[in-house]
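A look at the structure
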Amino acid sequence: MLDIKSTAFLINSITFLLAYFFVVTTTGAFRAWVAEKMGDDTAEQLGFLTLNPIIHASPIGLVLLILTSFGWGKHVPINPFNFYGKNRYLRMAIAYYSNVFLHMVLAIIGLCILLWWFGPMVINFVYSAIGRDIFSHASMGQFFTGYSTISLVIGFIIVAMVALHIGLAVLDFLLNTCMLGLAIFAEDQMSYMQYSLHFTLFAPLILIWFFYRPMLIVVIKITTYTGVLLAHMIGAF
């Protein structure tokens, strides 16, 4: 028989799994679609231009999600040598940062829905989810009394979605910056392969170590401010 702590862990895990599949599937498919529109069909050819969550889920990301409430999806590849002609670097940058853009947009939309549904105090639960503090469906129900169970369940899933979108927006921005830097720095495929380890492993680790937490704080503030502003504009609260 499950005790209260085990039940809360199980509910949290299921909630974040549902949020995870939505987050990595939508942003992964969007990145593949944008890359194809910008001139590179590598991701499409590899099957990433799909809303099938199994294609976009990462085994390592899933394990970390269960353990830490944060995980990532499979990397959607982009071949920089498929971009030609005018505005090559601009189209390349649009393709690389497309998933970051969608992470931010969906996080803001999710926050607006939460503000409309639960009011401004729901932001505290979003902060708890981002910081992976102890919070649960039960604690949300105790705080937001008068809401039905289904409302709390849906709200809890949206909170998890917003938290994952914000965290992955920062992580993907740092990783994509390294990949774009490699694409611009490398003059040909030979040099691209030569320096790929530096730009895809060492550089991301350094950037994540020094800049992930400060950037996360900035992105949280941007998302919160924008979400509250939009919620006010549409009369959500």
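Rules behind the numbers
Residues numbered from 1 in each chain as written. Predicted model: local features only at pLDDT ≥ 70, side-chain atom pairs only at ≥ 80, totals over all residues. Heavy atoms only, no water. Salt bridge = Lys/Arg side-chain N within 4 Å of Asp/Glu carboxyl O. pLDDT = per-residue confidence, 0-100. Helix = DSSP H or I, 4+ residues; strand = E, 2+ residues; numbered from the N terminus. Buried < 20%, exposed > 50% of the residue type's maximum accessible area, 1.4 Å probe, protein only. Lys, Arg positive; Asp, Glu negative; His and termini not counted. Polar contact = N/O pair within 3.5 Å; in protein donor to acceptor, adjacent residues only side chain to side chain. Contact = heavy atoms within 4.5 Å. 1 Å grid on protein atoms, 1.4 Å probe; cavity = no way out; pocket = protein on both sides within 12 Å on 5 of 7 lines; lining within 4 Å. Points joined across faces, edges and corners; volume = space filled by probe spheres on them. Nonpolar A, V, L, I, M, F, W, Y, C, P; charged D, E, K, R; others polar.

1. So, the pattern of salt bridges
What the rule picks out here adds up to 1 salt bridge. Between E36 and K37 there is a salt bridge; the shortest N-O distance is 4.0 Å.

2. A word on the confidence of the model for the protein
Mean pLDDT for the protein: 89, with 95% of residues reaching 70 or above. When mean pLDDT is compared element by element in the protein, helix 3 (residues 53–56) scores highest at 97, while helix 7 (residues 137–143) scores lowest at 75.

3. Some remarks on the side chain of R31
Tracing the backbone shows R31 in helix 1 (residues 4–38). There is no salt bridge for the buried R31, and the closest opposite charge comes from D172, which lies 6.7 Å off by N-O distance. Of the polar contacts made by the side chain of R31, one reaches the backbone oxygen of V76; its length is 2.9 Å. Side chain to side chain, R31 and N176 meet in a polar contact 3.1 Å long. If sequence neighbours within four positions are ignored, R31 has contacts with H75, V76, I78, A95, Y96, S98, N99 and N176.

4. Let's talk about the layout of surface pockets
Of the volumes computed, that of the largest pocket is approximately 610 Å³. Looking at the lining of the largest pocket, the elements with two or more residues in it are helix 1, helix 5 (88–118), helix 8 (149–185) and helix 9 (189–233). The greatest single-element share of the lining of the largest pocket, amounting to 7 residues, is contributed by helix 8. In terms of residue class, the lining of the largest pocket is built from 15 nonpolar, 10 polar and 3 charged.

5. A look at the side chain of D40
In this fold, D40 is placed in the loop between helix 1 and helix 2 (42–45). Among buried charged residues, D40 stands out as having no salt bridge; its nearest opposite-charge side chain is R31, 8.0 Å away. In this structure the side chain of D40 is engaged in a polar contact, spanning 2.8 Å, whose partner is the backbone nitrogen of N79. There is a polar contact of 2.6 Å between the side chain of D40 and the side chain of N82. Excluding anything up to four places from it in sequence, D40 contacts A35, P77, I78, N79, N82 and F83.

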